[in-house]
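Residues per chain, in single letters:
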Amino acid sequence: MKIQIPEPMNVTNATFNGDSFNEVFNAKLCADLRDHGWFQHNLFLSSELNHSLAEECLQLHLSDQLKPATIGQGQQRSLHTNIRSDQIGWLHSGQSRACDAYLLMMEQLRLTLNQTLYLGLEDYESHFSFYETGAFYSKHLDRFHHHDARTVSVVIYLNDDWLAGQGGALRLHPHNLATHDIAPLACRLVVFLSAEMLHEVLPATRNRMSLTGWFRLRIST
């Protein structure tokens, strides 16, 4: 299902801790998704929230609470380390103050996407992603073959002091355009259309942390 993105609208959004998803943010989000299939905002998280989330992700990794990521859905889920070699831990409400603050921001972003793009997004799912040195995720789409609930993908990076030579970029493959690499810098937000944007995660020379999530439609069964 290809999403039809309408023209940008001026929408006044609710606030999160005094910071608005304002009309400029909304208009650029809408225009970039419509014209390019992806959107980037470099200072989406505060440094304090970024630090708290990064520390939580690291502690989950050190305490072996993150699990090797799998491919597929439901009973078809299986481990394929030749395709992806990251570790993940799913988030849930009440997990920590930092996670609750992040999930509240995502709820405000869901409202923004629905108000500006009329997408009818019903909920959001998210996990921590931890890539050890050399870990990667091969080129793929985020939407499952036989389940089209995932509509908009979100990645937020948690890596302070990232250097260009350390690798680890998110490589986007826009249709009929050159690839585009996005470095995993702390506080950076990337949003893209789940069913349309081929992408991959390149290996890095240091550990790499992020939050990955999907806004989903309600799919009748």
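What counts as what
Residues numbered from 1 in each chain as written. Predicted model: local features only at pLDDT ≥ 70, side-chain atom pairs only at ≥ 80, totals over all residues. Heavy atoms only, no water. Helix = DSSP H or I, 4+ residues; strand = E, 2+ residues; numbered from the N terminus. Buried < 20%, exposed > 50% of the residue type's maximum accessible area, 1.4 Å probe, protein only. Areas by Shrake-Rupley, 256 points an atom, 1.4 Å probe, with all protein chains shown as cover. Expected span 1.5 Å × (residues − 1). Contact = heavy atoms within 4.5 Å. Salt bridge = Lys/Arg side-chain N within 4 Å of Asp/Glu carboxyl O. Core = buried A, V, L, I, M, F, W, Y, C linked by side-chain atoms within 4.5 Å. Pairing = 2+ DSSP bridges. Axes fitted to C-alpha atoms, helices over the stretch in contact; angles between N-to-C directions.

Undergrad: Break down the overall build of the protein for me, citing the residues and quoting the values.
TA: Within the protein one finds three helices and 13 strands. Across the 221 residues in the protein, those meeting the buried criterion constitute 49%. Per element, the accessible surface of the protein, about 11200 Å² overall, is 51% carbon and sulfur.

Undergrad: Describe helix 1 (residues 23-35), with residues and values.
TA: Under the 1.5 Å per step criterion, the end-to-end length of helix 1 is 18 Å for 13 residues, consistent within 8% with the ideal 18 Å. For helix 1, the full list of buried residues reads Phe-25, Asn-26, Leu-29, Cys-30, Ala-31, Asp-32 and Leu-33. Structurally, helix 1 contributes buried residues whose contacts are with strand 3 (38-41), helix 3 (97-117) and strand 11 (189-193). In the stretch just after helix 1, Gly-37 is the one whose phi turns positive, near 85 degrees.

Undergrad: Can you lay out the pattern of salt bridges for me, pointing to particular residues and giving the numbers?
TA: Side chains that differ in charge, positive against negative, can pair when their charged atoms come close. One pass over the full model with this rule turns up eight salt bridges. The closest approach of N and O atoms between Arg-110 and Glu-107, which form a salt bridge, is 2.7 Å. Of this pair, Arg-110 and Glu-107 both sit in helix 3, separated by three residues, roughly a single helical turn. With a shortest N-O distance of 3.2 Å, Glu-125 and Arg-216 are connected by a salt bridge. Of this pair, Glu-125 sits in strand 6 (residues 123-131) while Arg-216 sits in strand 13 (residues 208-216), and the two are 91 residues apart along the sequence. For Glu-125, a relative accessible area of 17% gives the class buried. Counted as one network, the salt bridges with shared partners bring together Asp-123, Glu-125, Arg-150 and Arg-216.

Undergrad: Kindly report on the nonpolar core, identifying the contributing residues and their values.
TA: Across soluble globular proteins, nonpolar side chains have a tendency to be buried as a group. By size, the foremost hydrophobic cluster in this structure holds 40 residues, and its most contacted members are Leu-45, Leu-53, Met-106, Leu-113, Phe-128, Ile-156 and Phe-215. Per element, the largest residue contribution to this core is eight residues, and it comes from helix 3. Apart from residues lying up to four places away in sequence, Leu-45 is in contact with Asn-50, Leu-53, Met-105, Ile-156, Leu-158 and Cys-187. In terms of nonpolar packing, the next biggest core, distinct from the first, is built from nine residues, Val-155, Leu-170, Ile-182 and Val-190 among them.

Undergrad: Any chance you could break down the sheet that holds strand 10 (residues 180-182) for me, citing the residues and the numbers?
TA: The sheet built from four strands is open, its strands ordered 7-12-9-10 with antiparallel pairing. This sheet does not close on itself; its edge strands, each paired only once, are strand 7 (137-140) and strand 10. Each strand axis lies, on average, 15 degrees off the axis of its neighbour in the sheet, ignoring direction. Relative to strand 12 (residues 198-201), strand 9 (residues 170-173) runs antiparallel, the two being bridged by four bridges. Following the sheet pairing, Arg-171 is matched in strand 12 by Glu-200.

Undergrad: Break down unusual backbone geometry for me, citing the residues and quoting the values.
TA: Residues other than glycine seldom take positive phi values, yet Asn-176 does so here, at roughly 60 degrees. Looking at the secondary structure, you find Asn-176 in the loop between strand 9 and strand 10. Its relative accessible area of 70% is what places Asn-176 among the exposed residues. In this structure, Cys-187 is a non-glycine residue whose phi angle is positive, near 80 degrees. Along the polypeptide, Cys-187 turns up in the loop between strand 10 and strand 11. Here Cys-187 falls in the buried class, since its relative accessible area comes to 8%.

Undergrad: Which residues make up the sheet that holds strand 11, and what values do they have?
TA: Two pairing modes exist for strands in a sheet, parallel and antiparallel, and in both the strands are linked by backbone hydrogen bonds. If you walk across this open sheet you meet the seven strands as 3-11-8-13-6-5-4, and the pairing is antiparallel. Each end of this open sheet is capped by a strand with a single partner; those strands are strand 3 and strand 4 (67-68). Sheet topology note: the strand 8 (residues 150-157)/strand 13 ladder contains seven bridges and is antiparallel. By the bridge assignment, Ile-156 is partnered in strand 13 with Leu-211. Sitting on the sheet, helix 1 touches strand 3 and strand 11, and the angle it makes with strand 3 is about 145 degrees.

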